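# Observations on chain architecture
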Amino acid sequence: MISSAPAKIILFGEHAVVYGEPCISMAVNLRTTLSIKRSVQKESCVNGNPVSAQPHMKKALEMLWKGESLDIETSSDIPPASGLGSSAALVVATIAALMKMCSEEISEEKIAKRGFDVEYAVQGSASPNDTSICTHGSAIMLAKEKKEGFLWEIEKDGRKWFINHCDFPEFDIVVGHTGIRGGTAEQVRKVRGFVEMHGMDIIKDIGEVAEEGAKSLARGDLRKAGKLMTKNHRLLDMLGVNTPQIQRLVDASLPSSYGAKLTGAGGGGCMIALTENPEETAKAIESAGGKAYRVRVERRGVLVE
Ligand code: PMV
C-alpha cells in the first residue's frame, strides 16, 4: 500500500485561531510518501526502527491496526519540525493507508478526524488545522462557524471547529526556512501571557486581517493579499513570536514580493512570501541565510494507491 499527503503553510491567522479567530491554510506541493507492507517481524518498524520510537505512528497503529506487524518506509520532501505539517502529513497518510488495508470506507472527514485524534493524543492541545489541510489539500478556513464551502466540523473537549474549503487561484509562494526549531507549545504559551497582560485587541485585528486576506486571495487580488500578509506579520511580531532570523528573511523577500509573514507558530521555523518573482525572492531568502522552497497550491490532499 502506498499513500501520500502534502505539507501545509498558514497564510493568515495562526495564534489568533487559538482564541476562535479564523485561520487560512493552504496545502503545498511538497509531499510525504509512505509504503506499508505486511511483515514477519515481531514488532512493526518505521524505516527499520521499532515503531515504538515514533510516537505518532505508534499511536496511529494502536488506534487502527489489529493485524500482523507492518514494515513502513517513509520518504519526504517536507523539512521536519519546521511548522510545515510534516507530522500531520505522516499521520494522515498512515491513517488513510491503514483504513484501506482494513477495507474501511475512506472519507476525508474520517481521516482528518482520526488524524486529529492521533495528534491530540501525542501532542496535547493541537488544533485540527494541520490534519485537516493535509487531508483535504487545496486551501481551508478553520473557523468558529460554517462558511461557504463548509466541509466538516470537529469537536474536542467542548471546543468546536468548522472546516471550510477555500477556492483560491494559483499563485507563487516562496517558503523560507530559518533552520531553527520553533516549538509550538512554547509560542502558544507566550501568546497566552501577552493576551492576559494586554487583552484581545491584536487577536481580533488578526482575525479581521484573515477574513479580508481570504477574500483578496479568492478574487486573485495578490497585491492586497500581500499587504495583508505583511500586516499579519507585524501583528504576530507584536504578540512576541517573531525572531531576528525570521525578520531577516521577511526583509530580504519584501523588495521582490507582494508581502511576507512568518508562518506557523514562530519562534523559529518558516516564513512565506507571496510573489510574482519566485526565483528572485528565493535567491534573496537564500542570501539572507534561509533555505528557500518555491511552492504552489497542492490541490490533491491525502492519496492512497
Ligand atoms: O506550528 P504549526 O505550524 O503547527 O502552527 C501552529 C499554529 C498555532 O495557531 C500557533 C497553534 C494551533 O494549534 O493552531
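Before going into details, it helps to say that this report is about the structure given with it. Bear in mind that the values here come from a model prediction, so they are computed numbers and not experimental data.

Lining the immediate surroundings of the ligand are K8, I10, E14, H15, V17, G83, S127, D130, T184, G264 and A265. K8 places a polar side-chain atom, nitrogen or oxygen, 2.9 Å from an oxygen atom of the ligand. Residue composition of the shell around the ligand, grouped by class: three nonpolar, five polar and three charged.

Right, let's talk about the side chain of S256 for a bit. By secondary structure assignment, the location of S256 is in the loop between helix 8 (244-253) and strand 10 (259-263). Given a relative accessible area of 7%, S256 falls into the buried group. Aside from chain neighbours lying at most four places away, what touches S256 is T275, N277, E280 and T281.

Following both chains from N to C, one finds helix 3 (residues 108-123) and helix 4 (residues 129-136) inclined at 145°, their axes separated by 8 Å at the closest point. Crossing angle aside, the handedness with which helix 3 passes helix 4 is right-handed. Residues E108, I111, A112, G115, F116 and E119 of helix 3 lie in contact with helix 4, whose contacting residues are D130, T131, S132, T135 and H136. For the contact of helix 3 with helix 4, the residue count by class is three nonpolar, five polar and three charged.

Attention shifts here to helix 6 (residues 201-218). Between its first and last C-alpha, helix 6 extends 26 Å over 18 residues, near the 26 Å set by a 1.5 Å rise per residue. Within helix 6, burial applies to I202, I203, I206, G207, V209, A210, G213, A214, S216 and L217. Residues of helix 6 that are buried make contact with strand 1 (2-12), strand 2 (23-38), strand 6 (139-143), helix 5 (184-198), helix 7 (222-239) and strand 11 (270-275). Positioned one or two residues after helix 6, G220 has a phi angle of 75°, which is positive.

Turning to the sheet that holds strand 11, a few remarks are in order. Pairing in this open sheet of four strands is antiparallel, and the strands run 10-11-9-12 from one edge to the other. At either end of the open sheet lies a strand with only one pairing partner, and these are strand 10 and strand 12 (291-295). Adjacent strand axes in the sheet meet at a mean angle of 25°, parallel and antiparallel pairs treated alike. Pairing analysis gives five bridges linking strand 9 (residues 172-177) to strand 12, with the strands arranged antiparallel. The partner of V175 across the bridge, within strand 12, is Y293. On the sheet, helix 7 packs against strand 9, strand 10 and strand 11 and is oriented at approximately 45° with respect to strand 10. Helix 8 contacts strand 9, strand 10 and strand 11 of the sheet and is inclined by roughly 10° relative to strand 11.

What counts, and at which threshold
Residues numbered from 1 in each chain as written. Predicted model: local features only at pLDDT ≥ 70, side-chain atom pairs only at ≥ 80, totals over all residues. Heavy atoms only, no water. Near = heavy atom within 4 Å. Polar contact = N/O pair within 3.5 Å; in protein donor to acceptor, adjacent residues only side chain to side chain. Nonpolar A, V, L, I, M, F, W, Y, C, P; charged D, E, K, R; others polar. Helix = DSSP H or I, 4+ residues; strand = E, 2+ residues; numbered from the N terminus. Buried < 20%, exposed > 50% of the residue type's maximum accessible area, 1.4 Å probe, protein only. Contact = heavy atoms within 4.5 Å. Axes fitted to C-alpha atoms, helices over the stretch in contact; angles between N-to-C directions. Left-handed = near helix turned anticlockwise from the far one by under 90°. Expected span 1.5 Å × (residues − 1). Pairing = 2+ DSSP bridges.

Structural measurements only, silent on function.
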